[in-house]
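Structure assessment
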Amino acid sequence: MTGTLFDPTTSATREHWSRVLLTGGATPAPARTATPRPGTAVHTEPVPRDAVAAVAAGSGVEPGAVLLAAHAAVLAALSGDAEVVAGIPARPGTTPLPVCLDTACSWSALVLAAAEALAGLRAHSDSDLGRLAAEFGTAIPSFGTVLDPGTDLRGTEIAPGALGRTGDRGPDTGTTIGDGRAAGLHVSLSGSTLRLTYRLDLLDEGAAARIAGYHATAVALAAADPGAPVRPSALVEPAGREA
């Protein structure tokens, strides 16, 4: 066997991506609007920064893993599926790569699994994923949601404003996925601010605000009782489920 660490012929890389790619397609973006229209908009929401820091410190992980765990729980709540797949760019501005998480566990286990998933993505991000997908008889999924954890996955913090977007709401074009289409939902974190960029043919302003709130609730629940089981339904109560 030949090649560098990131060569797709290496066993570790093949094992990692076969496990991820053969899990299934990406979790679709939520559709919660009665008036679909073209374009995108942005919603910002404060997140409990102390809670993020507490969960990260208690689990010995980076804050991005806490956000990924919260995002996975939200996707599970919105989709009804315990196992979810989202896209995450290994570096700012790069094509998202798939990350799969099973939310049928405790909050602490989900946070650790998220940290492991980010480490795997970091270690194997330079692979020829298209080649491997073809070899496995599958394809790279088209992501419904993309998460930017707020740091370069190599560990370099992205300064606030580095995404080049300002304002609470407005057009946003920096969320395209591999095929050039905009992801239905793009979530990022800068400091203590959660930023949701969403397609208006899928979500309206009220739905985007509720989904942002679900992320903040997930972080708070993980901090309050790390050993408790993840119950996606708890994220939408008492605020209410989508009709």
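What you see is a predicted model, and the numbers here were worked out from it, not measured in a lab. (Residues numbered from 1 in each chain as written. Predicted model: local features only at pLDDT ≥ 70, side-chain atom pairs only at ≥ 80, totals over all residues. Heavy atoms only, no water.)

Notes on the overall build of the protein
Put simply, the test is: Counting from the N terminus, the helices are the DSSP runs of H or I reaching at least four residues and the strands are the DSSP runs of E reaching at least two. The rule is simple: take the accessible area with a 1.4 Å probe, protein chains only, and divide by the maximum for that residue type; under 20% is buried, over 50% is exposed, in between is partly exposed. We call two residues in contact when some of their heavy atoms are within 4.5 Å.
Scanning the protein for helices and strands turns up six helices and six strands. Each helix and strand of the protein, ordered N terminal to C terminal, gives the series α-β-α-α-β-β-α-α-β-β-β-α. Taking all 243 residues of the protein together, 47% fall into the buried category. If you take every contact in the protein between residues at least 6 apart in sequence, the share linking residues at least 24 apart comes to 73%.

Here's the deal with the packing of helix 3 (residues 63-79) against helix 4 (residues 107-124)
Test applied: In this analysis, axes come from line fits to C-alpha atoms, helices being fitted only over the stretch in contact, and the angle between any two N-to-C directions falls in the range 0 to 180 degrees. Should an angle fall under 35 degrees it is called roughly parallel, over 145 degrees roughly antiparallel, and 65 to 115 degrees roughly perpendicular, with every other angle called oblique. Rotating anticlockwise by less than a right angle from the far helix to the near helix defines a left-handed crossing, while the corresponding clockwise rotation defines a right-handed one. Each residue gets one of three labels, nonpolar for Ala, Val, Leu, Ile, Met, Phe, Trp, Tyr, Cys and Pro, charged for Asp, Glu, Lys and Arg, and polar for the others, Gly among them.
Orientation of helix 3 relative to helix 4, taken along the N-to-C sense of each, is 115°, at an axis distance of 8 Å. Viewed along their axes, helix 3 and helix 4 adopt a mutual orientation that is roughly perpendicular. Considering only the axes of helix 3 and helix 4, their crossing is right-handed. On helix 4, the residues touching Gly64, Ala65, Val66, Leu68, Ala69 and Ala73 of helix 3 are Trp107, Leu110, Val111, Ala114, Ala115 and Leu118. A breakdown of the residues in the contact of helix 3 with helix 4 according to their chemical character gives 11 nonpolar, one polar and no charged.

Here we look at helix 3
Counted only if it meets this: To estimate the expected span of a helix, subtract one from its residue number and multiply by 1.5 Å.
Given a rise of 1.5 Å per residue, 17 residues ought to cover 24 Å, and the 24 Å separating the end C-alpha atoms of helix 3 matches this to within 8%. With 15 of its 17 residues buried, helix 3 lies for the most part within the structure. Remark: Gly80 follows helix 3 within two positions and exhibits a positive phi of approximately 85°.

Some words on empty space enclosed by the protein
We count it as follows: In this analysis, the protein atoms alone were mapped onto a 1 Å grid. Cavities are point sets where a 1.4 Å probe fits without being able to get out; pockets are open sets with protein on both sides within 12 Å along at least five of seven lines; lining residues have an atom within 4 Å of a point. Grid points are joined across faces, edges and corners, and a volume is the space filled by probe spheres set on the points.
For the structure on display, the rule yields two cavities of 30 Å³ or more. In this structure, the largest cavity spans a volume of roughly 40 Å³. As for the largest cavity, its lining consists of Leu68, His71, Ala72, Leu75, Val84, Ala86, Val99 and Leu101. Contributing elements (two or more residues each) for the lining of the largest cavity: helix 3, strand 2 (83-89) and strand 3 (96-102). A total of four residues in the lining of the largest cavity trace back to one element, the largest contributor, which is helix 3. In terms of residue class, the lining of the largest cavity is made up of seven nonpolar, one polar and no charged.

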